[in-house]
Amino acid sequence: MGMMRPMAETVKRAYRSDKRAAAAAATRAKIREAATRLFVEQGYVATTMRQIAKAAGVGERTLYDVFPSKAALFGHTLGVATVGDEDPVRVAARPEITAMREEADPRAAIEHLVAYSTALLERAGDLIMVSVEAAGADPDMRAAADAGAAATHQVHLALTERLYERGALHDGLDPVTAADLLYALGSPHMHQLLRRHRDWSVDRYRDWLETTIIRDLLG
C-alpha cells in the first residue's frame, strides 16, 4: 500500500499540471484572437494593451503576466498565425517545406509551395501587412517586417537552388532571380491586393499564383 500513495500523488500532480497548461493555452488563444482583430482593424500603433485585455476578457495584469509588452504580444500572435501552432519550429524547418525541397517533380514542388504559402497568408497575411505598415513608425515592427521578409526569401532561394541544380529553371534564369520572382509574386502585398482589395476567391488566387510561377520559372 505504501507504493500506491506516491503513485497516486504523481498522477494527481500531472493532472493538475495538464489542467493548468490547458487553461494557459486557452487564455493565450483568447488573447491572440482579440489582438489579431484589433491589430488588423486599428493598426499596431493605435491598439493598446488595455483594449486587447478588454476584448479578450482578461485583466490587464493577466495580459502583462503572459506578454510583458505589446511587441512581445504581436510577435507571438504573428508567429502562431504564420506557422499555425505554438510549436517553436520555424517555417524553413517545417516538414511541408522540407518535403517541397526534396520533391523530384519541379511542378509538384511549385504546387506544394503555393498550397503552403497560400494557407500561411490566409492565416497571417493581414498581420504581416500590419507589421509592414507600422514599420516606419515603430522600430519593433521594422525589425519584425525585415526578419520575416528575409526568412521568406531564404525559403524561396532554397527551393530555386534545388530547381537550378536539376536543370528545371528557364534557360538563363539564375536561382537568386528566380527566388526574387517567387518573393514578389507570393508576397503578402500581392495577396492583400488580390484577396482583400480585388476580392478574389482563395481558389482563384491560388490557381493564378501556381500558373504564373510555373510559367515564369520552369523550363
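As shown above, the structure is provided for reference.
So, here's what we can say about the structure. (Residues numbered from 1 in each chain as written. Predicted model: local features only at pLDDT ≥ 70, side-chain atom pairs only at ≥ 80, totals over all residues. Heavy atoms only, no water.)

## Points about the overall build of the protein chain
Along the protein chain, the regular secondary structure elements total ten helices and zero strands. Taken from the N to the C terminus, the helices and strands of the protein chain come in the order α-α-α-α-α-α-α-α-α-α. Taking 17 Å as the expected radius of gyration for a compact globule of 219 residues, we find that the protein chain reaches 21 Å, considerably beyond that expectation. In terms of its C-alpha atoms, the protein chain occupies a principal-axis envelope of roughly 75 × 50 × 30 Å. Long-range pairs, those at least 24 residues apart, make up 62% of the contacts in the protein chain with a sequence separation of at least 6. Carbon and sulfur atoms provide 56% of the accessible area of the protein chain, an area that totals close to 12,300 Å². Charge centroids of the protein chain, computed over 28 positive and 30 negative side chains, lie 11 Å from each other. (Helix = DSSP H or I, 4+ residues; strand = E, 2+ residues; numbered from the N terminus. Rg over C-alpha atoms; globule rule 2.2 N^0.38 Å. Contact = heavy atoms within 4.5 Å. Areas by Shrake-Rupley, 256 points an atom, 1.4 Å probe, with all protein chains shown as cover. Lys, Arg positive; Asp, Glu negative; His and termini not counted. Charge placed at Lys NZ, Arg CZ, Asp CG, Glu CD.)

## Here's the deal with the side chain of Arg195
In this fold, Arg195 is placed in helix α9 (residues 188-197). In this structure the side chain of Arg195 is engaged in a polar contact, spanning 2.7 Å, whose partner is the side chain of Glu122. Every residue in contact with Arg195, bar those within four places of it in the chain, is listed here: Glu122, Trp200, Ser201, Val202 and Tyr205. (Polar contact = N/O pair within 3.5 Å; in protein donor to acceptor, adjacent residues only side chain to side chain.)

## Focus on helix α4 (residues 70-83)
Compared with the 20 Å implied by 1.5 Å per residue over 14 residues, the 20 Å span of α4 between its first and last C-alpha is a close match. Where α4 is concerned, the buried positions are Lys70, Leu73, Phe74, Thr77, Leu78, Val80, Ala81, Thr82 and Val83. A positive phi of about 90 degrees marks Gly84, the residue just after α4. (Expected span 1.5 Å × (residues − 1). Buried < 20%, exposed > 50% of the residue type's maximum accessible area, 1.4 Å probe, protein only.)

## Focus: the environment of Arg206
Among the secondary structure elements, Arg206 is positioned in helix α10 (residues 202-217). Residue Arg206 is classed as partly exposed on the basis of its relative accessible area of 26%. Through-space distance from the C-alpha of Arg206 to that of Glu111 is 9.3 Å; in sequence the pair is 95 residues apart. If we ignore the near neighbours within four places in the chain, the residues touching Arg206 are Val114, Ala115 and Thr118. For Arg206, the side chain forms a polar contact with the side chain of Asp203, separated by 2.4 Å.

## Some words on helix α8 (residues 175-185)
Pro175, Ala178, Ala179, Leu182 and Leu185 are the residues of α8 that are buried. Along the axis of α8, the buried residues cluster in a sector spanning 130 degrees; they form a single face. Against the buried residues of α8 lie α6 (106-134), α7 (139-165), α9 and α10. (Arc of directions from axis to C-beta.)

## Some points on the packing of α6 against α10
Two elements in contact, α6 and α10, have axes separated by 10 Å at closest approach and are oriented at 145 degrees. Handedness of the α6/α10 crossing: right-handed. Mapping the contact onto sequence places Arg107, Ile110, Glu111, Val114, Ala115, Ser117, Thr118, Leu121 and Glu122 in α6 and Val202, Tyr205, Arg206, Leu209, Glu210, Ile213 and Ile214 in α10. Among the residues forming the contact of α6 with α10, the class breakdown is nine nonpolar, two polar and five charged. (Axes fitted to C-alpha atoms, helices over the stretch in contact; angles between N-to-C directions. Left-handed = near helix turned anticlockwise from the far one by under 90°. Nonpolar A, V, L, I, M, F, W, Y, C, P; charged D, E, K, R; others polar.)

## Considering the packing of α6 against α9
Running from N to C, α6 and α9 cross one another at 115 degrees; their axes reach a closest spacing of 9 Å. Here α9 runs roughly perpendicular to α6, going by the angle between their axes. Handedness of the crossing formed by α6 with α9: left-handed. On the side of α6, the interface is formed by Leu121, Glu122, Gly125, Asp126, Ile128, Met129 and Val132, while α9 contributes Pro188, His189, His191, Gln192, Arg195 and Arg196. (Parallel < 35°, antiparallel > 145°, perpendicular 65-115°, else oblique.)

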